[in-house]
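# Structure assessment
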Amino acid sequence: MPFISIKNLVHQFHVRDMNGEITGEYNAIDDISMEIEEGQFIAILGRNGSGKSTLARHFNNLLFADKGSIWINDILVNHENEDIIWNNRKKIGMVFQNPDNQIIGTTVEEDTAFGPENIGIESENIITLVNEALEAVKMKHKSKMSPNHLSGGQKQKVAIAGILALKPKCIVLDEATSMLDPHSRKELMKFVLELNKKEKITIIMITHNMEEVVNADKLFIMNKGKLLTHGSVNEVFNEVETIKEAGLEIPEITELAIKLHHVNQNFRTGIFTPEEFANEFERVYNEKRNKE
Amino acid sequence: MFREITLGQYYAVDSVIHRLDPRVKLFGTLIYIMSVFMAGGLSGYLIVTMVYMLVMKLSKVPFSFALRGLKSVVWIVLMTFICNAFFYTGGTPFIKYGVISISAAGIKYGVAMSVRLILLVLGSSILTLTTTPNELTYGLEKAFGFLIKFHVPVQEIALMMSIALRFIPILIEETDKIMKAQASRGTDFDTGSIIKRVKNYIPIIIPLFISAFRRAGDLALAMESRCYRTGYQRTKMYPLKYTKADGKGYLVLMVYLLLFTLAKCTLLYTGNSGFYTM
Ligand SMILES: Nc1ncnc2c1ncn2[C@@H]1O[C@H](COP(=O)(O)OP(=O)(O)O)[C@@H](O)[C@H]1O
Ligand SMILES: [Mg+2]
């Protein structure tokens, strides 16, 4: 059984005119079906306005289906059943784009404790959970500090600690790296990958940056509320036309490899880093020389 | 730079006073204020000043640091003094010029009022000097917890206060950014008539409000995604727990209040005005 299963999901927003009168409906999610297995590293890609955040909010039960259904651990999400909703929110955490707007506590540890406090865990257990979570994100030494003194990357780590303190099965990162500098971005990506590999936490990484998804087990590409394509990184990256249609940019090195592949079938595709490219180039070059 | 702003003026040091439960300190502040109002004369003020000095000593906050809190009220103190000294009509004036009448009684009264104000400000600032805004919020939440019975959302109000505490420095920073952006487009905040200057602030207020509302929306979503719900009994990582020291604190406060009231009543009854007026 899949961990999350979405069937023909439609989410509509009202379209309003200048006077605020509803003039129609707009399908921000337009008939999407997908399955996510536990422990996977999933990436959802799409340009601005393609409906990624709207979809993400369905995972977290912050929004509910207008049509279709969403199943988590084989339980149908029903907006009238609060128990299911609270249980799902505990299971599936969400890191948002803006680091400042998701930290509630006035100190790092207090913020990390916010989730456990909400579900009524006893004080001693909260302290243990918070310390474990802050150690996991390597922010224990800042636990008494005000979040206002942290860098963007550190704030996102605190946000992750706040989720880890709820012992989640899955973390959704909704463009969580887009406001960070390149260095913090890489560090956060590395950390998230570790969480996935070591702690077996399912990761759903939402982004419009294709370079961030090369480690994913599965990619989904969205455009205008629809799923354009999905598959492994290798499969999806070779669909150059579809990616262009989705308004995304393939990493230059990957695109170059694909072009070389068209010239020489021996040159493989699915290359995402300059190192891989150099190695492949060397291999093809040596092979050719040996033949001669 | 603005992120450095701490609200209130917490002085981080470990002392008996710092370690007291915020509820004890809130109660203490209340008793102190009562005693300042009860005292009306030299001996009364002397006692209150001594109590203030003693608590300051225990709190390990340097006096010079506490004095900074007076800066913001120095004008109010001065105005109080001038109003009382120059316009007091009760005594026999030795200078009288139009509405101005200066009398010994007036000057005495002015001094007394100023001293009272200074004692009030200094004394109650011990609370904010030795208690973090968070502890204070939580103390208030607990102290007013009984209001939940009357359907006052005490927990929610306290959470609101602590979120406000977190966002004030961020919003101040943002105001500064917007002001600089508008200034670079030629808006002048420092010259022109009052009306013009007020008008110039409109392009600051509006983006600030828009951004604050967006933040509020984001924050509400983030809180919900972390299982927050209203009307549900939350727990606390560090719940407030009274210690032995807190019990002693309450005792000392009660004794102080009792003695002070007794002294005042006795003096009133025996007609010894030394305690009552200067
Ligand atoms: N609360 C809302 N009300 C109306 N329209 C919305 C709302 N939220 C998002 N939309 C619209 O839904 C579409 C998808 O938005 P979103 O899911 O935020 O996209 P993405 O995260 O991929 O940038 C956009 O066209 C957006 O304008
Ligand atoms: Mg988005």
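The rules we used
- Residues numbered from 1 in each chain as written.
- Chains lettered and ligands numbered in written order.
- Predicted model: local features only at pLDDT ≥ 70, side-chain atom pairs only at ≥ 80, totals over all residues.
- Heavy atoms only, no water.
- Domains from an automatic or database assignment.
- Contact = heavy atoms within 4.5 Å.
- Buried area = accessible area lost by both parts, 1.4 Å probe.
- Salt bridge = Lys/Arg side-chain N within 4 Å of Asp/Glu carboxyl O.
- Polar contact = N/O pair within 3.5 Å; in protein donor to acceptor, adjacent residues only side chain to side chain.
- Helix = DSSP H or I, 4+ residues; strand = E, 2+ residues; numbered from the N terminus.
- pLDDT = per-residue confidence, 0-100.
- Buried < 20%, exposed > 50% of the residue type's maximum accessible area, 1.4 Å probe, protein only.
- Pairing = 2+ DSSP bridges.
- Axes fitted to C-alpha atoms, helices over the stretch in contact; angles between N-to-C directions.
- Near = heavy atom within 4 Å.
- Areas by Shrake-Rupley, 256 points an atom, 1.4 Å probe, with all protein chains shown as cover.
- Nonpolar A, V, L, I, M, F, W, Y, C, P; charged D, E, K, R; others polar.

A separate point is the domain arrangement of chain B. The domains assigned to chain B are domain 1 (1-131 + 242-278) and domain 2 (148-239). Inter-centroid distance (C-alpha atoms) of domain 1 of chain B to domain 2 of chain B is 33 Å.

Moving on to the interface of chain A and chain B. A common way to state how big an interface is: give the accessible area lost once the parts meet. In this complex, chain A contributes 40 residues to the contact, which on the side of chain B involves 30 residues. Across the chain A/chain B interface, buried area totals approximately 3,300 Å², and carbon plus sulfur atoms make up 52% of it. Counting the surface chain A buries against chain B, the share from its top three residues, Trp86, Asn101 and Asn148 of chain A, is 21%. If you look at where chain A meets chain B, you find three salt bridges. In this structure, the salt-bridge partner of Glu224 of chain B is Arg89 of chain A, at a minimum N-O distance of 3.4 Å. At the junction of chain A with chain B, the criterion picks out 18 residue pairs in polar contact (both at pLDDT 80 or more). At the level of secondary structure, the elements contributing two or more residues to the side of chain A that touches chain B comprise α2 (82-91), α3 (108-118), α4 (123-136) and α5 (152-164) of chain A.

Looking now at the confidence of the model for chain B. Residues and elements named next belong to chain B. A residue-level look at chain B finds 94% of positions with pLDDT of 70 or above and a mean pLDDT of 85. Across chain B, the secondary-structure element scoring lowest on mean pLDDT is strand β1 (residues 93-97), at 77, and the one scoring highest is helix α1 (residues 16-19), at 94. Here residues 1-7 is a poorly scored stretch, pLDDT under 50, and it has 17 contacts once near neighbours within four places are set aside; other chains count. This complex was scored by the predictor with a pTM of 0.82 and an ipTM of 0.89.

Our next topic: the pattern of salt bridges. Following the criterion strictly, the structure yields 20 salt bridges over all chains and no others. For Arg226 of chain B, the salt bridge is made with Asp111 of chain A, and the minimal N-O distance between the two is 3.4 Å. Placement of Arg226 of chain B in the loop between α9 (194-225) and α10 (244-270) and of Asp111 of chain A in helix α3 is noted, with the two residues assigned to different chains. Ionic pairing is found between Glu255 of chain A and Lys244 of chain A, a salt bridge with its closest N-O pair at 3.3 Å. Placement of Glu255 of chain A in helix α9 (residues 252-263) and of Lys244 of chain A in helix α8 (residues 240-245) is noted, with a sequence separation of eleven residues between them. Relative accessible area serves as the criterion here: at 22%, Glu255 of chain A is assigned to the partly exposed category. Through salt bridges that share partners, Arg268, Glu276, Glu280, Arg283 and Glu287 of chain A make up one connected network.

Okay, the sheet that holds strand β9 (residues 218-223) of chain A next. Residues and elements named next belong to chain A. Here six strands make up an open sheet; going across it, the order is β6-β7-β8-β3-β9-β10 and the pairing mixed. Sheet topology places β6 (92-95) and β10 (226-231) at the edges, where each strand pairs with a single neighbour. Neighbour-to-neighbour, the strand axes of this sheet turn through a mean angle of 15 degrees, independent of strand direction. Taken strand by strand, α2 contacts β6 and β7 (170-174), and its axis lies near 60 degrees from that of β6.

Residue and element names in this part refer to chain A. Neighbouring residues of ligand 1: Phe13, Tyr26, Ala28, Arg47, Asn48, Gly49, Ser50, Gly51, Lys52, Ser53 and Thr54. A distance of 2.7 Å is found between an oxygen atom of ligand 1 and a backbone nitrogen or oxygen belonging to Gly49. Backbone polar atom of Lys52 to an oxygen atom of ligand 1: 2.9 Å apart, as the coordinates give it. Compared with its free state, where it exposes 560 Å², ligand 1 has 59% of that area covered by protein.

Let us now look at the sheet that holds strand β1 (residues 4-16) of chain A. Residue and element names in this part refer to chain A. Reading across from one edge, β2-β1-β4-β5 is the order of the four strands in this open sheet, with antiparallel pairing throughout. In this open sheet, the two strands that pair with only one neighbour each are β2 (22-36) and β5 (75-76). In this fold helix α1 (residues 52-59) packs onto β1, β2 and β4 (67-72), with an angle of close to 125 degrees to the strand it touches most, β1.

Residue and element names in this part refer to chain A. The domains assigned to chain A are domain 1 (38-63 + 82-244) and domain 2 (251-292). Each of domain 1 and domain 2 has a C-alpha centre, and the two are 34 Å apart. In total, about 650 Å² of surface goes out of reach between domain 1 and domain 2, with carbon and sulfur atoms giving 70% of it. In this structure, the connection of domain 1 to domain 2 is made through one salt bridge. One can count two residue pairs in polar contact (both at pLDDT 80 or more) joining domain 1 with domain 2. Of all the secondary structure elements, the ones that give two or more residues to the side of domain 1 that touches domain 2 are α7 (233-237) and α8. Of the residues contributing to the side of domain 1 that touches domain 2, the split by class is five nonpolar, two polar and two charged.

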